[in-house]
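Here is what each chain is made of, one letter per residue.
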Amino acid sequence: SKSTSISIDGKSYIKDTWHNLSPSISSSISQRLHIQKDHPICITRSIIESRFPAPTYKYHNTFFPVVSTHQNFDSLGFPADHPGRSKTDTYYVNEKTVLRTHTSAHQADVFRANESEGFLISADVYRRDAIDRSHYPVFHQMEGARMWDRRKVPNGDIAAAVWKDVEALPKHEMKVEDPNPPTHPERNPLQEGHSLEEAEAIAAHLKRSLELMVVEIFSHAKKAAIASSPDYVDEPLKVRWIEAYFPFTSPSWELEIFWQGDWLEVLGCGVVKQDIMEKAGVPSQLGWAFGIGLERMAMLLFEIPDIRLFWSKDERFLSQFRGLSDNLEGLKRFVPFSKYPACYKDVAFWLRSTSSAAGGGQGGGQDIHENDIMEIVRDIGGDVVEDVIKVDEFTHPKTGRKSFCYRINYRSLERTLTNEEANEFHERVREALVEKLGVELR
Ligand code: PHE
């Protein structure tokens, strides 16, 4: 296991001290659910694509998941100390190479290629994160962008050209809350070099395009719901625009959808920073970009309750979508197969004490990041772990030593686990915590 190079999807990379890919992650690379025919992620992608038609939008669905830190962070203006760069949040192949954490990693390259007025990039992305029913360390995103070129629009008047395109988009009846002005000097600034008219026109085109995408998804979701229960009563669809911040767009927004009583964030977007166009060698282009999570949208579309299901090879899951890529009219809601019993196991441990020479913390005792615990549990339990939560935290009043207790829920989506099996996983988790983090079990 101490080899100095690693092969990912046929390419070889040198490992260094930054390397933190775990075996379970390495094995999910190259599954590409977004291009597996009849997979719900693939169906969701094609429904969204239908609102962004070729040839105006060019589709890229096979970009390689390993990118440079330059592509993933620097090209997008992430500062050197941005938390997203940390080893606890990002999978590093080596110091200069990561598994992309978002599809925006490819923005600058596609702007530079300058092959179309717009593009969509769908791909698997990787983030170290907590374990629960809506988070998984691999998921799928779609990046979209639309550009206008000063040299190609009449009189170089971008605002007029964009409004013309806005007029050509269909109207819709969905209820949209958008309480803020398109720009705000502190919260959501207009870029230097853009006129207010330009930013407003681009924002209008961006928002209308994305609203139409949501209307499209929900028209399919509604059909699926009616097919599944004919007496289904639909609630009117509500969305809202929230001001946001991304290092590579300004102004920026997030879109939230009101779903089952809660506001759910589904995408981030904004007016592309001119600096990115300039560095990509296309300074005369202005435009917008968005990034959307495909699992979230698929969960809404089919009412899929658990993100692990997307990785299931179980026929009871896959068969429910068969044939749908070629027949969207046949869409039905997912029918959950019965839930197998949960099996909760606790693990409590002390962190290494401050005084020990091996401690190596920054004065406050051993520092461990929760994502490191998640990763250890995931590596051993895989998809048999439904969630992991911290149930107790305690600092010894005299020694100052810290203790944690985590509760792990072992539950297979596919069968009932025996208590012995759960115990076996749990015993291995306990051993790995000692071995990898040097904790002392309680
Ligand atoms: N890449 C951003 C994310 O993953 C989303 C985004 C894409 C925001 C494009 C703005 C423009 O959160």
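Every chain's residues receive numbers from 1 upward, in the order its sequence appears when written. Given that the model is predicted, a residue must reach a pLDDT of at least 70 before its local features are reported, and side-chain atom pairs must reach 80 or more before they are shown or counted; all residues, however, enter totals for whole chains, interfaces and linings. Side-chain figures throughout are based on the complete set of non-hydrogen atoms in the structure, without hydrogens or water.

For the protein chain, an unreviewed UniProt entry supplies the name Phenylalanine--tRNA ligase, mitochondrial and the organism Hyphodiscus hymeniophilus. UniProt's Function (unreviewed entry) comment on the protein chain is quoted here verbatim: "Is responsible for the charging of tRNA(Phe) with phenylalanine in mitochondrial translation." UniProt positions are given in the numbering used here, feature names are shortened, and annotations may be inferred rather than shown by experiment.

Draft legend 1. Structural context of the UniProt feature "domain: Aminoacyl-transfer RNA synthetases class-II family profile" (unreviewed entry) in the protein chain. UniProt's feature table lists "domain: Aminoacyl-transfer RNA synthetases class-II family profile" (unreviewed entry) at residues 108–336, given in the numbering used throughout. In the segment residues 108–336, helix accounts for 30% and strand for 28%; the C-alpha atoms at its two ends are 41 Å apart. Secondary structure is summarised from DSSP: a helix means a run of H or I of at least four residues, a strand means a run of E of at least two, and numbering begins at the N terminus for each.

Draft legend 2. Structural context of the confidence of the model for the protein chain. Looking at any residue, its pLDDT shows the predictor's confidence there, from 0 to 100. The share of residues in the protein chain with pLDDT of 70 or more is 97%, and the mean pLDDT across the chain is 93. For this predicted complex, the interface confidence score (ipTM) comes to 0.99, while the overall pTM stands at 0.88.

Draft legend 3. Helix H8 (residues 294–302), seen in detail. Only protein chains enter the accessibility calculation, which uses a 1.4 Å probe; a residue is then buried when its area is under 20% of its type maximum, exposed when over 50%, and partly exposed in between. The buried count for H8 comes to 8 of 9 residues, which makes it a mostly enclosed element. The complete set of buried residues in H8 reads Leu-294, Glu-295, Met-297, Ala-298, Met-299, Leu-300, Leu-301 and Phe-302. Throughout, a contact is declared for two residues whenever any of their heavy atoms are within 4.5 Å. Those residues of H8 that are buried lie in contact with helix H2 (40–49), strand S8 (138–149), helix H6 (196–228), strand S11 (249–259), strand S12 (262–272) and strand S13 (285–293).

Draft legend 4. Focus on H2. The element H2 is largely enclosed, with a buried count of 9 among its 10 residues. Those residues of H2 not exposed but buried are Pro-40, Ile-41, Cys-42, Ile-43, Thr-44, Arg-45, Ile-47, Ile-48 and Glu-49.

Draft legend 5. Spotlight on the packing of H6 against H8. Helix axes are fitted only over the stretch in contact, all axes being lines through C-alpha atoms; the angle between N-to-C directions runs from 0 to 180 degrees. In the contact formed by H6 and H8, the axes pass within 8 Å of each other and the chain directions differ by 35 degrees. Listed contacts from H8 to Met-213, Ile-217, Phe-218, His-220, Ala-221 and Ala-224 of H6 are Met-297, Leu-300 and Leu-301. Residues are grouped as follows: Ala, Val, Leu, Ile, Met, Phe, Trp, Tyr, Cys and Pro are nonpolar; Asp, Glu, Lys and Arg are charged; all remaining types, including Gly, are polar. Across the contact of H6 with H8, the residue classes break down as 8 nonpolar, 1 polar and no charged.

Draft legend 6. Highlighting the sheet that holds strand S16 (residues 402–410). We treat two strands as partners when DSSP finds at least two bridges between them. The 4 strands are arranged S15-S16-S14-S17 in an open sheet whose pairing can be described as antiparallel. Strand pairing shows two members of the sheet lacking a second neighbour, strand S15 (385–395) and strand S17 (440–441), which therefore form its edges. Lying on the sheet, helix H10 (residues 370–381) is in contact with strand S14 (343–350), S15 and S16; it crosses S15 at an angle near 140 degrees. Along the sheet face, helix H11 (residues 419–437) touches S14, S16 and S17 and points at about 20 degrees away from the line of S14.

Draft legend 7. Layout of the site of the ligand. In the vicinity of the ligand, 14 residues are found, and the nearest of them are His-102, Ser-104, Arg-127, Gln-141 and Gly-291. Within 3.5 Å is the distance limit for a polar contact, defined as a pair of N or O atoms, with the added protein rule that one can donate a hydrogen and the other accept it, and that residues adjacent in sequence qualify only through two side-chain atoms. Between the ligand and Ser-104, the relevant distance is 2.8 Å, taken from a nitrogen atom to a side-chain nitrogen or oxygen of the residue. The contact in question runs from an oxygen atom of the ligand to an N or O atom on the side chain of Arg-127, over 3.0 Å. Residue exposure ignores everything except the shown protein chains as possible cover, and the areas themselves are Shrake-Rupley values with a 1.4 Å probe. Coverage of the ligand by the protein amounts to 89% of the 330 Å² it exposes when considered alone. For the shell around the ligand, the secondary-structure elements that each account for two or more residues are S8, S12 and S13. Each residue is tested against the molecule or strand, and it is near if at least one of its non-hydrogen atoms lies within 4 Å.

Draft legend 8. Local environment of the sheet that holds S8. What the 8 strands build is an open sheet, ordered S3-S7-S8-S13-S12-S11-S10-S9; its pairing is mixed. Both outer strands of the open sheet, strand S3 (57–60) and strand S9 (175–177), are each paired with one neighbouring strand and no more. The sheet shows a mean angle of 25 degrees between the axes of neighbouring strands, taken without regard to direction. As defined by bridge partners, strand S7 (residues 118–126) adjoins S8 across 9 bridges and the pair is classed as antiparallel.

Draft legend 9. Representation of the environment of Glu-254 in the model. By the secondary structure assignment, Glu-254 is in strand S11. Taking the C-alpha atoms as reference, Glu-254 lies 20 Å from Asn-72; in sequence the two are 182 residues apart. Beyond its immediate stretch of four places on either side in the chain, Glu-254 contacts Arg-240, Trp-241, Ile-242, Ala-244, Phe-246, Glu-265, Leu-267 and Gly-268.

Draft legend 10. Representation of the side chain of Asp-387 in the model. You can see Asp-387 is positioned in strand S15. Notably, Asp-387 is buried but unbridged: the nearest opposite-charge side chain belongs to Arg-133, and the N-O separation is 5.4 Å. Apart from residues no more than four positions distant in its own chain, Asp-387 is found in contact with Ile-131, Asp-132, Arg-407, Ile-408 and Asn-409. We score Asp and Glu as negative and Lys and Arg as positive, and we do not count His or the chain ends. The term salt bridge refers to a pairing of a side-chain nitrogen on Lys or Arg with a carboxyl oxygen on Asp or Glu at a separation within 4 Å.

Draft legend 11. Spotlight on the nonpolar core. By size, the foremost hydrophobic cluster in this structure holds 71 residues, and its most contacted members are Met-213 and Phe-310. Leave out the neighbours within four places in its chain, and Met-213 touches Ile-48, Arg-51, Phe-52, Leu-267, Ile-292 and Met-297. What we call a nonpolar core is a set of buried Ala, Val, Leu, Ile, Met, Phe, Trp, Tyr and Cys residues that are connected through their side-chain atoms within 4.5 Å. Core analysis: the second largest hydrophobic core is formed by 25 residues, Val-347, Leu-351, Ile-380 and Ala-422 among them.

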